[in-house]
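Structural overview for review
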Amino acid sequence: MIKAPRGTRDLLPPDTALWNFVEATVRDIFRAYNFQEIRTPIFESTELFARGVGEETDIVAKEMFTWEEGRGATLQQQMSSFWTSKHLAEIEDLDWHVVFENRRRPDLVVKTATNYLVVEFKRRTINQATIDNIKQFRKVSPPIADWYDPRLLLVFAEEPSSFVRRLAAANGVEIEVIDMPGYEAPESLTLRPEATAGIVRAYIEHNLASRGLNKVFCIGPMFRRERPQKGRYRQFYQIDAEIIGPPASGSDAPSRDAEILELLATLLDRLGITGWTLELNSVGCPNDRVKFNEALRAALEPVKEKMCADCQRRAVTNPLRVFDCKVPEDQPIIDKLPRISHFLDEPCRKHFDAVQEILKAVGVPFVINDRLVRGLDYYTRTAFEFTHGALGAQNAILGGGRYDGLSESLGGPAAPGIGFAIGEDRLVLSLQQKVTPESVLRKPDVYIAPLGQTKDGAGMNPEAARLARELRQRDLVVELGDESFRLKKSFEAAERAGAKYILIVGENEVKSDTFALKNLATGEQVSVPRPDLVDRIQSGR
Ligand code: AMP
């Protein structure tokens, strides 16, 4: 039997009624707050997430579903012919492995008798972060370092290489740039692990800045290669909203942060989810981050040896990410680390204070959690999560924050923004304790049962179909039976469908244009002339 892949699942009726209920409620709320829908592709260029979400985040480093869309000869073929023609003579023992899966590694490592050559392809843009990574990896412990020794960084560039050369020289990385005429780097694509990067890409691509402040939402699947467990899937659904615009549109104002948070409180309340906690923090701006990272690095230096391998790496490459660590043994160490709250500059502190003031004024309760940094690099200033006790270990229903520099880091104009992503799977899970699918599902108002044969064999089916069409056009929910059913079987089918009435369409009824209508709950049966049917069914008697 072919089963759904690990970490994915089918959403079946009647559970889908709950999902529809959630989405309909959410759409109503977005309308009230003047948000409009945006739909972006489910896959994007890998570079978007690498640059937007951050190379060092768990999402990008470990969890993306990435593949390459080849163009022309495969990489291996291209490389073989290149090496054969040019470099083979120099290299005694050619033993190379292509490493595509793990994005923290280069595309290709060529092992020679005396050295390792590290090959990066143009598609994975070589930027400051790449060079930093290479330098950092040299310092980090094995196993990475024992093969990752980039004394020589070999870059296959399609574009003029002066930038790469300058960058490498400035960083003391030896570099050799080789042009491969005719080489077309394969396009690396990734199933979206989150929505914000794609929305900001669309904002830049379509110059949405010209519209001033954009308030948009989207609902759809996201993909992360995580270890599946309750409340954590590899394909999951998010309800995402963003407020983004040029600075002149007021997109950086604390009132926008508060509006988003108040919207979320309203949304959860409207859905009937009680007992949530809003955890709030400010992660500052890049200026604060430089100081904070320095302090973190210094604090981590004497203790990092005791931490998990991920933290040891993060301590060097991106110390903020240490706060994402879930390893229990590391928590006491992390608890003692400096907190970003002590490093906020004056404007960031004021911004954060203003957000809190508005929240108090509108009566949205929150707690400050200065450990909250969120697992994505793009956040600035306000960062938040709503948690719900009933969800267990995976207790975050939703999270979000401000990302004032994201557009620039994707090559766009300054476009401060703030947004959130609700985990719809978890929202539905917490809802299920209170709301049953049945309670939000619209059952059939009426089951139409055609009865009795005619000479042509069609029986009362045509009449029943005509009647069903009429009633459905008047917005009744109608289930249509079939001539082949006996009366008893029709009743059973009507009960199973949860219909309120059964309507008998027999020869006599059609002749008199008056139909037997039976209320399945009370057992009361009446004859109703065709013109009165809709009123009678709608009145629910
Ligand atoms: P994030 O984009 O990581 O901030 O996630 C936002 C929300 O999406 C989280 O608070 C979760 O509710 C939900 N979420 C994230 N990852 C998963 C997953 N693998 N399965 C189900 N829900 C998830």
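Below: a short report on this structure. What you are looking at is a predicted structure, and each value in this text was computed from that prediction instead of being measured. (Residues numbered from 1 in each chain as written. Predicted model: local features only at pLDDT ≥ 70, side-chain atom pairs only at ≥ 80, totals over all residues. Heavy atoms only, no water.)

Before going further, it helps to spend a moment on the overall build of the protein chain. Each helix and strand counted, the protein chain has 20 helices and 21 strands in total. In the protein chain, buried positions account for 52% of the 541 residues. When the accessible surface of the protein chain is summed, it comes to about 25,400 Å², and 51% of that surface belongs to carbon and sulfur atoms. (Helix = DSSP H or I, 4+ residues; strand = E, 2+ residues; numbered from the N terminus. Buried < 20%, exposed > 50% of the residue type's maximum accessible area, 1.4 Å probe, protein only. Areas by Shrake-Rupley, 256 points an atom, 1.4 Å probe, with all protein chains shown as cover.)

Before going further, it helps to spend a moment on the sheet that holds strand E16 (residues 417–423). Strand order in the open sheet formed by 8 strands is E1-E10-E11-E16-E15-E14-E12-E13, and the pairing between neighbours is mixed. Each edge of the open sheet is held by one strand with a lone partner, namely strand E1 (36–37) and strand E13 (367–368). (Pairing = 2+ DSSP bridges.)

Around the ligand, a shell composed of 15 residues is seen, among which Arg224, Glu226, Tyr233, Arg374 and Ala396 lie nearest. Interatomic distance of 2.6 Å between a side-chain N/O atom of Glu226 and a nitrogen atom of the ligand. The backbone of Tyr233 places a nitrogen or oxygen atom 2.8 Å from a nitrogen atom of the ligand. The fraction of the free accessible surface of the ligand (490 Å²) that becomes covered by protein chains is 91%. For the shell around the ligand, the secondary-structure elements that each account for two or more residues are strand E11 (235–244), strand E15 (396–402) and E16. At 4 residues, the largest contribution of residues to the shell around the ligand is made by E15. Of the residues in the shell around the ligand, the class split is 6 nonpolar, 4 polar and 5 charged. (Near = heavy atom within 4 Å. Polar contact = N/O pair within 3.5 Å; in protein donor to acceptor, adjacent residues only side chain to side chain. Nonpolar A, V, L, I, M, F, W, Y, C, P; charged D, E, K, R; others polar.)

Moving on: the packing of helix H9 (residues 254–271) against helix H13 (residues 346–362). To describe two helices that pack against each other, one gives the angle between their axes and the distance between the axes. It is the contact of H9 with H13, at a shortest axis distance of 8 Å, that shows an interaxial angle of 40°. With respect to H13, the axis of H9 lies oblique. The handedness of the crossing between H9 and H13 is right-handed. Between H9 and H13, the contacting residues are Pro254, Ser255, Asp257, Ala258, Leu261 and Glu262 on the first element and His351, Ala354, Val355, Ile358, Leu359 and Val362 on the second. For the contact of H9 with H13, a count of residues per class yields 8 nonpolar, 2 polar and 2 charged. (Axes fitted to C-alpha atoms, helices over the stretch in contact; angles between N-to-C directions. Parallel < 35°, antiparallel > 145°, perpendicular 65-115°, else oblique. Left-handed = near helix turned anticlockwise from the far one by under 90°. Contact = heavy atoms within 4.5 Å.)

With respect to the secondary-structure elements, Cys308 resides in the loop between helix H10 (286–300) and helix H11 (309–317). Residue Cys308 is classed as buried on the basis of its relative accessible area of 18%. For Cys308, the residues in contact, after removing those within four places along its chain, are Cys325, Val327 and Asp330.

For the rest of this paragraph, the subject is the pairing of strand E19 (residues 501–505). Burial analysis of E19 places 5 of its 5 residues in the buried class, the great majority of the element. Where strand E17 (residues 446–450) meets E19, 5 bridges bridge the pair, whose relative direction is parallel. If you follow Pro450 over to E19, its bridge partner there is Val505.

In terms of burial, helix H8 (residues 196–205) is a largely internal element, 8 of the 10 residues being buried. Restricting attention to buried positions, one finds in H8 the residues Thr196, Ala197, Gly198, Ile199, Val200, Arg201, Ala202 and Tyr203. Elements in contact with the buried residues of H8: strand E2 (43–45), helix H2 (46–52), strand E10 (214–223), E11 and helix H14 (406–409). Two residues or fewer past H8, Asn207 is found with a positive phi of approximately 50°.

By the definition in use, this model includes 0 disulfides. Cys311 provides the cysteine sulfur closest to Cys325, a residue in no disulfide bond, and the two sulfurs are 3.6 Å apart. (Disulfide = S-S within 2.5 Å.)

Attention shifts here to unusual backbone geometry. With an omega of 5°, the peptide bond between Pro13 and Pro14 qualifies as cis. One non-glycine residue, Asn207, lies in the positive phi region at around 50°. Relative to the helices and strands, Asn207 resides in the loop between H8 and E10. Judged by its relative accessible area of 46%, Asn207 is partly exposed. Backbone geometry at Arg381 places phi at a positive 50°, although glycine is not the residue there. Examined against the element boundaries, Arg381 turns out to sit in strand E14 (residues 380–388). Look at Arg381 and you get buried, because its relative accessible area is 16%.

As a further point, take the environment of Leu267. Note that Leu267 resides in helix H9. The class for Leu267 is buried, based on a relative accessible area of 0%. C-alpha of Leu267 to C-alpha of Arg27: the two residues are 240 residues apart in sequence and 10.0 Å apart in space. Setting aside residues up to four positions removed in sequence, Leu267 forms contacts with Val26, Ile29 and Ile422.

With that settled, consider the pattern of salt bridges. Counting across every chain of the model gives 32 salt bridges. When the shortest N-O distance is used, the salt bridge between Glu47 and Arg51 registers 3.2 Å. With Glu47 and Arg51 both in helix H2 and 4 residues apart, the pair spans about one turn of that helix. Under the relative-accessibility criterion, Glu47 is labelled partly exposed at 25%. Classification of Arg51 as partly exposed rests on a relative accessible area of 36%. (Salt bridge = Lys/Arg side-chain N within 4 Å of Asp/Glu carboxyl O.)

The 3 strands are arranged E2-E9-E3 in an open sheet whose pairing can be described as antiparallel. The outermost strands of the open sheet, each flanked by one partner alone, are E2 and strand E3 (66–69). The mean inter-strand angle of the sheet, taken between neighbouring strand axes irrespective of direction, is 35°. Where E3 lies against strand E9 (residues 187–191), 4 bridges are found, and the strand directions are antiparallel. Paired with Glu68 across the strands is Ser188, a residue of E9.

With that settled, consider the pairing of E11. For E11, the tally of buried residues reaches 8 of 10 residues, placing the bulk of the element in the interior. As paired elements, E10 and E11 share 10 bridges and run antiparallel to each other. By the bridge assignment for E11, Phe223 is matched with Gln235.

The next point concerns the packing of aromatic side chains. Going through the model one piece at a time under the given rule, you end up with 10 aromatic pairs. Seen from their ring centres, Phe292 and Phe343 are 5.4 Å apart, and the 55° between their planes marks the pair as tilted. With Phe292 in helix H10 and Phe343 in the loop between helix H12 (331–335) and H13, this residue pair connects regions lying 51 residues apart in the sequence. The same class applies to Phe292 and to Phe343, which are both buried. With 5.8 Å between their ring centres and 75° between their planes, Tyr378 and Tyr403 make a pair best called edge-to-face. With Tyr378 in the loop between E13 and E14 and Tyr403 in the loop between E15 and H14, the pair connects residues that are 25 residues apart, well separated along the chain. Among the aromatic residues, ring-to-ring pairing joins Phe30, Phe35, Phe217 and Phe420 into one connected group. The ring of Tyr233 has Arg9 lying over it, and the distance from NZ or CZ to the ring centre is 4.0 Å. (Phe/Tyr/Trp six-rings, centres within 6.5 Å; stacked < 30°, edge-to-face > 60°. Lys NZ or Arg CZ within 6 Å of the ring centre and 35° of its normal.)

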